[in-house]
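# Descriptive structure summary
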Amino acid sequence: AQTVTQSQPEMSVQEAETVTLSCTYDTSESDYYLFWYKQPPSRQMILVIRQEAYKQQNATENRFSVNFQKAAKSFSLKISDSQLGDAAMYFCAKLIQGAQKLVFGQGTRLTINP
Amino acid sequence: SQTIHQWPATLVQPVGSPLSLECTVEGTSNPNLYWYRQAAGRGLQLLFYSVGIGQISSEVPQNLSASRPQDRQFILSSKKLLLSDSGFYLCAWLGRPGSNYGYTFGSGTRLTVV
């Protein structure tokens, strides 16, 4: 079974600083999609960033960027200039091709200290 | 534009009562639809998914069932709720490959079984 692992249950960072959330995954597929989702206290799941495995260039979305290491099966999320609104649970997820099912990690709770 | 609606937002039900949660998608046709459950402070567990009308795949054997009576409607049901059915239920649909590829989630239903 394909799995996604987030080894940091909780992280905290000072406002305006940079934080990196870790994610590793297991797969035998050569082409796939990876995602980071944010879940604020409202519990609405919000797509933060997407990475296609065949693209070597790391995805970026404003203050959010990823470090995608395909050989190491690692997909970390970097948040620059952290803001209070970034406080949330962050989930790493991988889309299983064929069945097109999304497998999630257990999440990392990010706290932003003012 | 595509939107996803999920209701009710909150539900408190006694043990042994039936359940019906509804999810509808607008602005797309023949979407892949998914039901996830999230226990408190935990990751998301895939319960059911559907690739078309009347086509339901179950991921975890349990007290729940799903149906897809119409192209853009996905229903999660139970004949008799258990305490262990409490949780946060999320419906999602998978968009087409392209710039917006990924899951879009509904706003969720918080179910408490008492």
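Procedures and definitions
- Residues numbered from 1 in each chain as written.
- Chains lettered and ligands numbered in written order.
- Predicted model: local features only at pLDDT ≥ 70, side-chain atom pairs only at ≥ 80, totals over all residues.
- Heavy atoms only, no water.
- Disulfide = S-S within 2.5 Å.
- Helix = DSSP H or I, 4+ residues; strand = E, 2+ residues; numbered from the N terminus.
- Buried < 20%, exposed > 50% of the residue type's maximum accessible area, 1.4 Å probe, protein only.
- Pairing = 2+ DSSP bridges.
- Axes fitted to C-alpha atoms, helices over the stretch in contact; angles between N-to-C directions.

## Quick notes on the state of the cysteines
- Taken as a whole, this structure holds 2 disulfides over all chains when the rule is applied.
- Each sulfur in the disulfide pair Cys23 of chain A and Cys92 of chain A lies 2.0 Å from the other. Disulfide Cys23 of chain A to Cys92 of chain A: torsion about the S-S bond roughly -70 degrees, handedness left-handed. Of this pair, Cys23 of chain A sits in the loop between strand S3 (19–21) and strand S4 (24–25) while Cys92 of chain A is found in strand S10 (residues 88–96), placing the two residues 69 residues apart along the sequence.
- Look at Cys23 of chain A and you get buried, because its relative accessible area is 1%.
- With relative accessibility at 0%, the residue Cys92 of chain A sits in the buried group.
- Paired through a disulfide, Cys23 of chain B and Cys91 of chain B show a sulfur-sulfur distance of 1.9 Å. In this structure, the disulfide formed by Cys23 of chain B and Cys91 of chain B twists by about -75 degrees around the S-S bond and is classed as left-handed. Taken together, the residues Cys23 of chain B in strand S3 (residues 19–26) and Cys91 of chain B in strand S9 (residues 87–94) connect sequence positions 68 residues apart.

## As for the sheet that holds strand S1 (residues 3–7) of chain B
Residue and element names in this part refer to chain B.
- Strands sit in the order S1-S3-S8-S7 across an open sheet of 4 strands; the sheet is antiparallel. With one partner strand each, in any of the chains shown, S1 and strand S7 (65–70) form the two edges of the open sheet. Strand-to-strand twist of the sheet, defined as the mean angle between neighbouring strand axes without regard to direction, takes the value 20 degrees.
- Here S3 runs beside strand S8 (residues 73–78); their pairing, made up of 6 bridges, is antiparallel. Directly across from Thr24, in S8, lies its bridge partner Gln73.

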